[in-house]
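Chain and residue survey
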Amino acid sequence: QVQLVESGGGLVQAGGSLRLSCVVSGRTFESYAMGWFRQAPGKEREFVAAISWSGTTYYTDSVKGRFTISRDNPKSTVYLQMSSLKPEDTAVYFCATRNELGVRLNLEYDYWGQGTQVTVSS
């Protein structure tokens, strides 16, 4: 059974930083792409960043230059380093992985974590 567990969320002031972590179990971590998503209150879940099995990274425009996705295959962990945070980054952040190889920059992921809350105060 594939399981994903996020951590690292919290309350931070605008301009601050947080690093989210997502530990994956139940599968061969290094073979699959990973993605980060977020859902703000009253809004749909949206793509934030993704990383392929080889380390190629992808970002939505609103976080480019501020967020960095990375992976540590021996630790079966994917990270999202968030800097220069803005109040509009406030959301529940989810990590996800797919059953198939290849990256998707949309919600076509098969396994999801429970989410971690990020709140950015102004």
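Our subject in this report is the structure included herewith. (Residues numbered from 1 in each chain as written. Predicted model: local features only at pLDDT ≥ 70, side-chain atom pairs only at ≥ 80, totals over all residues. Heavy atoms only, no water.)

**Remarks on the overall build of the protein chain**
Operational definition: Here a helix means four or more residues in a row that DSSP labels H or I, a strand means two or more in a row labelled E, and each is numbered from the N terminus. The rule is simple: take the accessible area with a 1.4 Å probe, protein chains only, and divide by the maximum for that residue type; under 20% is buried, over 50% is exposed, in between is partly exposed. Any two residues having at least one pair of non-hydrogen atoms within 4.5 Å are treated as being in contact. Using the Shrake-Rupley algorithm and a 1.4 Å probe, accessible areas are obtained, with residue cover drawn only from the displayed protein chains. Residues scored as positive are Lys and Arg, those scored as negative are Asp and Glu, and His as well as the terminal groups of each chain are ignored. We put the charge of a Lys on NZ, of an Arg on CZ, of an Asp on CG and of a Glu on CD.
On a plain count of helices and strands, the protein chain comes out with zero helices and eleven strands. The order of α-helices and β-strands along the protein chain, N terminus first, is β-β-β-β-β-β-β-β-β-β-β. Counting over 122 residues, the protein chain shows a buried share of 43%. Of the contacts made within the protein chain by residues no fewer than 6 positions apart, 58% connect residues no fewer than 24 positions apart. As displayed, the protein chain offers around 6,200 Å² of accessible surface, 46% of which is attributable to carbon and sulfur atoms. Computing the positive centroid from 12 side-chain charges and the negative centroid from 11, the protein chain places the two 4 Å apart.

**As for the pairing of strand β5 (residues 46–51)**
Stated precisely, the cut-off is as follows: For two strands to count as paired, DSSP must find a minimum of two bridges between them.
In terms of burial, β5 is largely enclosed, as five of its six residues are buried. Pairing of strand β4 (residues 34–39) with β5, which is carried by five bridges, proceeds in the antiparallel orientation. Pairing of R38 across the sheet is with E46, part of β5. The turn linking β4 back onto β5 is made up of six residues, and G42 within it adopts a positive phi angle of 75°.

**Overview of the environment of K64**
Going by this rule: Identification of polar contacts relies on pairs of N or O atoms within 3.5 Å, with a donor-acceptor requirement for protein atoms, meaning one able to donate a hydrogen and the other able to accept it, and with residues adjacent in sequence counted only if both atoms are side-chain atoms.
Position of K64 among the secondary structure elements: in the loop between β6 (57–59) and β7 (67–72). Here the alpha-carbon distance between K64 and V48, two residues 16 residues apart in the chain, equals 9.4 Å. At 3.0 Å, the side chain of K64 and the side chain of D61 are in polar contact.

**Details of the packing of aromatic side chains**
Geometrically, a pair of aromatic rings is defined through the distance of the ring centres and the angle of the planes. Inclusion rule: Ring pairs shown here join Phe, Tyr and Trp side chains whose ring centres sit within 6.5 Å, with only the six-membered ring taken for Trp; geometry is labelled stacked below 30 degrees between planes, edge-to-face above 60, and tilted in between. Our definition puts a charge over a ring when NZ of Lys or CZ of Arg is within 6 Å of the ring centre and also within 35 degrees of the ring normal.
One pass over the structure, following the stated rule, counts four aromatic pairs. Pairing F37 with W112 gives two aromatic rings, centres 4.7 Å apart and planes at 55°, and the pair type is tilted. Here F37, found in strand β4, pairs with W112, found in strand β10 (residues 111–112); they are 75 residues apart in sequence, far enough to count as distant. Judged by its relative accessible area of 0%, F37 falls in the buried class. Aromatic rings pair up to connect F37, F47, Y109 and W112 into one cluster. Its end group placed over the ring of Y32, R27 keeps NZ or CZ at 3.8 Å from the ring centre.

Keep in mind these numbers describe shape, not what the thing actually does.
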